[in-house]
Each structure stands twice: as structure tokens, then as C-alpha cells.
Amino acid sequence: RKHPLEIPPPSEKDWLKDDEEDFFLQDPDRKRDALPQPFRMINKLVMLVFENAMEIIERREMLREAQKLKVQPTKCFPTAEFQVTGRANCLAVSGKYIFVGLSEGLAAFKVSDCKEVCAWDAAKTEICAIEASDLGNERHVLLAVDEMGLVWLFCFHKESFLLIKILNEVEDISKRSACVEVVLSPRGDYAGVLLQGNTKAWLEIYRLPKDSWLKEMEKNPGAAAGLACRERRTQHSSQADIFLLQESPVSANKADAKLSLPVLLLKVKPPKPITGSSFKSPLDALKKVDDGSMLGLGYNHLIKDSQWEQQEAIFRSTYREYLEAEGERDSKEEIPRHATFHFLLPSWILQMGPEMKVQPGVPAGISVHWDGSHNLCLYLLNRPLKERADSDLKPDVVWPCAAPIACSTVSSCSRYLALACEDATITIWDKQLGYPLSVTAILEERLIRSIHFL
């Protein structure tokens, strides 16, 4: 032959298909068990779904195992329950009693067995808030706020409610002021009531004569027997115990037990907006200052109204485009109508004179800051008798802050005071030593609405 032998090119029918490239790995016994199309494609899709499902299951199993390694919170279930008449709006615990504000009156329950011991419903009024404090010798003081904003002062003694006084009751209903918040000092020596009228707001601080109450109740032990308590009668039924009310002949506005009334110590009004000065010289402004031992509220200055107006005009002309983008806002300063206040134990930050007697565990002052104010005002509770409670009261100590104070709180030991400002800055003060422990600024500016010690 002239030419050597050549391998002929393969024909198309001899080409290996994609799904037959691994034919040598297949089981010879299953040669005829291969599924034809399109069943092989369906089989592949089903296997793909199955594999994805197994991956999800394995991932969830890993997360479940990691969750088991974490400390699980303790689940608490109720150990007992007590049934009330009507709707329960609020409650407070003092000593071995639980006081509940109902849709009609008050009720007292024992903590040990959750049984009702006494109730008051003479006024048929709904109680919305309660503050209670243990006075010792099985006596408790209560402040209850009803739906109309009236503050009812009670003394709970020998399982009976003694109505002492309605603190903000007036004869003319149009002049009535509603209560916004009530606070009792830890041992019940003082009570604070924040009131709001139609156009103004103010804070009233009362001294509670708890020692006099004990002596008066010992002299007249039967005074508490007939005051607005309802008798509890139980009927055994398959559902629950049903409490039957007994109407009390005692009026809600008059207390049979003639106990000493609380004494109004302070009436704190919100700070007035700072306006232009009327002083003609620095000497006139210095005459208004009592002494130079503390910072004031900024009223005694020499800035005229024309200077304020000129500064406002320069600001508006400089930042006109930004003001137009945000829209015009009312620049008139309004008197704040809400305040946050705390009772403070004796410490270095309260400048008390040697003539003032200080008792351990009894508050010596209060701290007050109004909404939108930069100043934390401190007032002494042991004030001279010559100062009237309704006079224009000035703070004894003023702490100015760089930004308006948003909220504040006092630790349970009453030693530490925390202030949170609107610029997201938190300051912890040691009242015993009189200096700040730490100042923390949150990087992301956020509005702090509440702060608590743990």
C-alpha cells in the first residue's frame, strides 16, 4: 500500500454522552435501571431540594446547641392570686401589706395569704396611682390620686384606712389643680405633689407628722373603727369568693379620726424665662445677689432687650437658609409644666448651716429640674420659719449643665445621683463626697428618656 493505515474518525452515534462519562463507575446490575429523560432531571431537582433542606436542618441544630450552652432565664410562675372587686388600676407594697387602687376605692391585702383585710370606698372614686411607705409600729402612710387629680392622704393603722386630708381640695372647682405626680420619702417623713392648673404648674412639699399620729392614735384607739371600711363576707361557691360591699355612713371629705394635718413646707415654682435686664449699672445687679457662695439662675445680668433682639437678628440672617428649610418655629419661651424631683439625704452638696439639725436617714433637701431647663436646683427642707411657703422661693444650690436635663435618678442608697442631658451625656455624682464620678457621652446622639441604677 502506498499509504499507511489510518484510524477512521468516529461517527456521531459513537460519541459518549455527558451522563454516560462515568459509566465505568456504575453498578453493572443497574445498567438497565437508569431513568430516561425527563425523569432524570426531576430526580436531580428533588435531590437538590433534599440537600438544601439538610443544610438548613444542620444549621438550625448548631444554633440550638449553641443556645443550650447559654444561661437560660428563670421562668417565674404565680404562686398565689387574690381577687378584687372591680378593676385594679395600680398597687403598692409596704411592709406586709399590698395596697391596690380599684375602680371604686382602695383595698388592702396581706402578703402572707393574699386575703383582703380592709377596703375604702366611701367616695366611690377611681384610684389611678398609689404611693405607700412604712412608718413602723404597723402604720403606713398612703398617697392616692383619683381620676379627677385629687390627692388623698391616708394613714393605715390596725387594718383600717384613716382619711387625713385631701391635699389639693378647694371649694371653687374652677380653681382646682390636678395632680401629675406624687412621691413619698423612703421613711414617710415628707411628701411631694406636682400640681398643674390651667396656665401654671408648681411643686408642693409637705412634712408629715408621723410621730404625732402615733400618739394621737394611742390616745384614741377607737377612731379607726368606723372609718370607711367595708366588711368582707365570703360565700362558698364553685367559682370564686364573692365580696359583698357594706355601705359606709362616713363621708369621704370628713375624717372621724382627728389626726394632725401635714404642714406645707415648700412651694416650688418653675423658673421664669430670662428677659432683658433693667439694671442701669453693675452695682445695681450686685445688690440683688445675696452672697457669692453659689451660682444663680441667671436673672441678675446686664444684657438689655435690644441686645437680645440684635443677637436674634444676626443669627437669623446668618442661618437663613437653614431656618427656611426647617420652617419657622415659635421662639417664645414657655414656662415648663413638668418637673422631676427626688428627696436627698444629708450630704456635702447640701450647704446646711450649723443651726440646722440633721437626722440620719431623714431627707434634708430635694433636687428639682424642670423640662427644658439646664439647671438642677437643690432646696433645703429644714428652712427657717420666717420664710413662707407661698413666697417666691429661691434654690439653695444651683447646678448648671451644658445641655437641658432630660431625666435623672437617685440610687437606692441615696448616695449617687445620675443626670442625663439632651446631648446624650450621662453624669454620675457622688453626693456624699460632692464631685462627679464619671461622665459618659454616647457616640450616637440619642434622646435618653429614662435612666435607672441596677
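As the structure is a computational prediction, the values presented were derived from the model and not from experiment.

Conventions we followed
Residues numbered from 1 in each chain as written. Predicted model: local features only at pLDDT ≥ 70, side-chain atom pairs only at ≥ 80, totals over all residues. Heavy atoms only, no water. Helix = DSSP H or I, 4+ residues; strand = E, 2+ residues; numbered from the N terminus. Buried < 20%, exposed > 50% of the residue type's maximum accessible area, 1.4 Å probe, protein only. Areas by Shrake-Rupley, 256 points an atom, 1.4 Å probe, with all protein chains shown as cover. Phe/Tyr/Trp six-rings, centres within 6.5 Å; stacked < 30°, edge-to-face > 60°. Lys NZ or Arg CZ within 6 Å of the ring centre and 35° of its normal. Patch = residues over 30% accessible without salt bridge, like charges linked within 9 Å, V, L, I, M, F, W, Y side chains within 5 Å. Salt bridge = Lys/Arg side-chain N within 4 Å of Asp/Glu carboxyl O. Core = buried A, V, L, I, M, F, W, Y, C linked by side-chain atoms within 4.5 Å. Contact = heavy atoms within 4.5 Å. Pairing = 2+ DSSP bridges. Axes fitted to C-alpha atoms, helices over the stretch in contact; angles between N-to-C directions.

**Q** Account for the overall build of the protein chain, naming residues and giving values.
**A** Within the protein chain, the secondary structure is distributed over five helices and 20 strands. Here the protein chain holds 454 residues, and the buried ones make up 35% of them. Of the accessible surface of the protein chain, which amounts to about 30800 Å², a share of 54% is contributed by carbon and sulfur atoms.

**Q** I'd like a description of the packing of aromatic side chains, backed by residues and values.
**A** Centre-to-centre distance and the angle between the planes together describe a pair of aromatic rings. For the coordinates displayed, the defined rule picks out 13 aromatic pairs. Ring pairs connect the aromatic residues Tyr97, Phe99, Trp120, Trp152, Phe154, Phe156 and Phe161, which therefore count as one cluster. Here the basic side chain of lysine 267 rests over the ring of tryptophan 202, its NZ or CZ set 5.1 Å away from the ring centre.

**Q** Kindly report on a nonpolar patch on the surface, identifying the contributing residues and their values.
**A** The grouping of Leu35, Phe39, Ile42 and Val46 at the surface amounts to a nonpolar patch, some 380 Å² of accessible area in total. Locating leucine 35 in the fold gives a position in the segment before α1 (39-69). On the basis of relative accessibility, which here comes to 43%, the residue leucine 35 falls in the partly exposed class.

**Q** Could you give an account of the nonpolar core, naming the residues involved and the relevant values?
**A** Formed by 22 residues in total, the largest nonpolar core has its most connected members in Leu143, Val151, Leu153, Val193 and Trp213. The set of elements that each furnish at least two residues to this core consists of β6 (139-146), β7 (151-157), β8 (161-166), β9 (178-184), β10 (190-196), β11 (201-207) and α2 (210-219). The contacts of leucine 153, once residues within four sequence positions are left out, are Val141, Leu142, Leu143, Leu162, Leu163, Ile164, Lys165, Leu167, Leu208, Trp213 and Pro262.

**Q** Now, about the pattern of salt bridges: what can you tell me, with residues and values included?
**A** Opposite charge on two side chains allows them to pair when their charged atoms are near. Counting across every chain of the model gives eight salt bridges. Taking the shortest distance from any N to any O, the salt bridge between lysine 210 and aspartate 189 comes out at 3.2 Å. Taken together, the residues lysine 210 in helix α2 and aspartate 189 in the loop between β9 and β10 connect sequence positions 21 residues apart. For the pair lysine 210 and aspartate 189, one class covers both residues: buried. One network of salt bridges, with partners in common, ties together Glu104, Asp121 and Lys124.

**Q** Give me the sheet that holds strand β13 (residues 339-344): which residues, what numbers.
**A** With respect to topology, four strands assemble into an open sheet ordered β13-β14-β15-β16, the strand pairing being antiparallel. The strands lining the two open edges of the sheet, one partner per strand, are β13 and β16 (397-400). Across the sheet, the mean angle from the axis of one strand to that of its neighbour is 20 degrees, orientation sign disregarded. By the bridge criterion, four bridges tie strand β14 (residues 365-370) to strand β15 (residues 375-380) in an arrangement that is antiparallel. In the strand pairing of β15, valine 368 is matched with cysteine 377.

**Q** So what about the pairing of strand β2 (residues 97-102)? Which residues, and what values?
**A** Along any regular strand, the residues point their side chains to alternate faces of the sheet. Counting buried positions along β2 yields six of six residues, so the element is predominantly enclosed. Both faces of β2 are covered, namely the face carrying Tyr97, Phe99 and Gly101 and the face carrying Ile98, Val100 and Leu102. With six bridges joining them, strand β1 (residues 88-94) and β2 adopt antiparallel strand pairing. Each bridged residue has a counterpart across the sheet, and for alanine 92 the counterpart in β2 is phenylalanine 99. The loop that links β1 with its antiparallel partner β2 comprises two residues; one of these, glycine 95, has a positive phi angle of about 65 degrees. Examined bridge by bridge, β2 and strand β3 (residues 105-110) share six bridges and lie antiparallel to one another. Paired with valine 100 across the bridge in β3 is alanine 107. Linking β2 back to β3 in an antiparallel pair, the connection comprises two residues.

**Q** How would you explain the sheet that holds β7 if you had to name every residue and give the values?
**A** An order of β5-β6-β7-β8 is seen for the four strands of this open sheet, with the pairing classed as antiparallel. The open sheet has two edge strands with one neighbour each: β5 (127-136) and β8. If you compare each strand with its neighbour and ignore which way they point, the axes differ by 20 degrees on average. Both β6 and β7 contribute to a ladder of seven bridges, which runs antiparallel. Pairing of valine 145 across the sheet is with valine 151, part of β7. Relative to β6, α2 is tilted by about 110 degrees, and along the sheet it contacts β5, β6, β7 and β8.

**Q** Could you give an account of the pairing of β10, naming the residues involved and the relevant values?
**A** When you tally the buried positions in β10, you get six out of seven residues, the bulk of the element. Note: β9 against β10, six bridges, orientation antiparallel. When the bridges of β10 are listed, leucine 184 appears paired with alanine 191. Taking the residues that link successive antiparallel strands as the turn, the β9-β10 hairpin has five residues, and the phi of glycine 188 there is positive, at about 75 degrees.

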